Amino acid sequence: MIYINGRFLSQRPTGVNRFAYEICRAFVSLNIHFIILAPSDIKRDYDVSMFKIVHIGYLKSHIWEQFFLPFYLFSRIKGSILLSFTGLGPIFMRRHIATIHDLSFLENPLWYSKVYYYFYKLLTPILVQNAKAILTVSEFSKKTILKYYKISQEKITVVYNAVPKSLYPNLKSKVDASVLSLNQPYFLAVSSLDPRKNFPRLISAFLSVNFPNMKLYIIGKKDRVFRDVHSVCENQDNVIYLGYVSDEDLQQYYKNAVAFVYPSLYEGFGIPPLEAMANGCPTVVSDIEVFREVYGNSVIYVNPLDTESIADGLQRILDERIRIELMSKVSEVLKNYSWKSSATRIVELLRKLGYIG
């Protein structure tokens, strides 16, 4: 039997939680039989009508994941396997396929609270050694895992992200240049408000250029595990924090933005630029290794450490010829990423390990 760690259902569908949900949906489309083990309290943001869910234990924190979940599975038949698509999963379980989306906490500890940093620094090596296999979301992340942990590269399977169904409209064949004539045109940025997303430099770059009537909208929820570096960027009339928004609203922001900008310092994959491109929004991203892997020549690259470079990218993306050229390449990029193909890779791994006939 295939069991899935359903702790993600107790959290909002952003980032890694969205990855988990979409893989489960793709499993259903592939007729893979599985049971989601979840805390008693799950968010209403998810449509779980197609899943078989068993509620176990109490709470919904790491305590649930490290104690209630493995205790329940301890008495299950030997042929079962647990899949965790977010966070850690039970670190001492051996019948376990875990997912490491990135190792940013090791690459730059100052981005995180001390509690978060030491928690993951202590537990991740145990997880890596005990898990039967590790999933990750890019070749870049695979290389990073191998840099920090002495395991065989065959133990790691790359499973790409894709655009969630709720944010995937019919792709426009060309850029609608009329968006530039909106009453309040805006650049859009979407992500959690944490230091590695590089918002201070983005805001400084935006304010350094005289964009007539242009706004910068930032969508994302601040997470308490990250250090606060944004106070100097508050109270700017043309910079608007929108907080967390629904998928329906997010899609409208993507569709109506002049351009999407994502100058992140570090990513394991980086889904928001893919979502923006799928909604016909020309995109500016940081020139980092993983984005070169994922986005090729379909975006404008900027140096995320250089405010002038980011400002130049914002100016260049307003050139209609560049916008049309970039968007003409989007369909070639998007066809490389689908939840069904990613789920199929996991099914192939399960078959190789003997959990699927």
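Up top is the structure.
Residues numbered from 1 in each chain as written. Predicted model: local features only at pLDDT ≥ 70, side-chain atom pairs only at ≥ 80, totals over all residues. Heavy atoms only, no water.

Asker: Provide a residue-level description of the nonpolar core, including the pertinent values.
Answerer: If you look at the biggest cluster of nonpolar residues, it comprises 89 residues, and the most contacted ones within it are Phe27, Leu83, Phe85 and Tyr295. Here the element with the most residues in this core is helix H1 (residues 16-29); it accounts for seven residues. When near neighbours in sequence (up to four residues on either side) are disregarded, Phe85 contacts Ile4, Val16, Phe19, Ala20, Ile23, Cys24, Phe27, Thr99, His101, Leu135 and Ile346. (Core = buried A, V, L, I, M, F, W, Y, C linked by side-chain atoms within 4.5 Å. Buried < 20%, exposed > 50% of the residue type's maximum accessible area, 1.4 Å probe, protein only. Helix = DSSP H or I, 4+ residues; strand = E, 2+ residues; numbered from the N terminus. Contact = heavy atoms within 4.5 Å.)

Asker: Give me the lowdown on the sheet that holds strand E10 (residues 239-243), citing residues and values where you can.
Answerer: Strand order in this open sheet of six strands is E10-E9-E8-E11-E12-E13, and the pairing throughout is parallel. Here the strands that pair on one side only, and so sit at the sheet edges, are E10 and strand E13 (300-302). Put simply, the sheet's adjacent strands are angled 25° from each other on average, direction ignored. Strand direction decides the pairing type here: strand E9 (residues 215-219) and E10, joined by four bridges, are parallel. Bridge pairing in E10 links Leu216 to Val239. (Pairing = 2+ DSSP bridges. Axes fitted to C-alpha atoms, helices over the stretch in contact; angles between N-to-C directions.)

Asker: Residue-level account of the sheet that holds strand E4 (residues 81-83), with values.
Answerer: Across the sheet, seven strands lie side by side as E3-E2-E1-E4-E5-E6-E7; this open sheet has parallel pairing. Looking at the sheet topology across the chains shown, the edges are occupied by strand E3 (53-55) and strand E7 (156-158). Across this sheet, the average inter-strand angle for adjacent strands is 25°, counted without regard to direction. Two elements, E4 and strand E5 (residues 96-99), share two bridges in a ladder whose sense is parallel.

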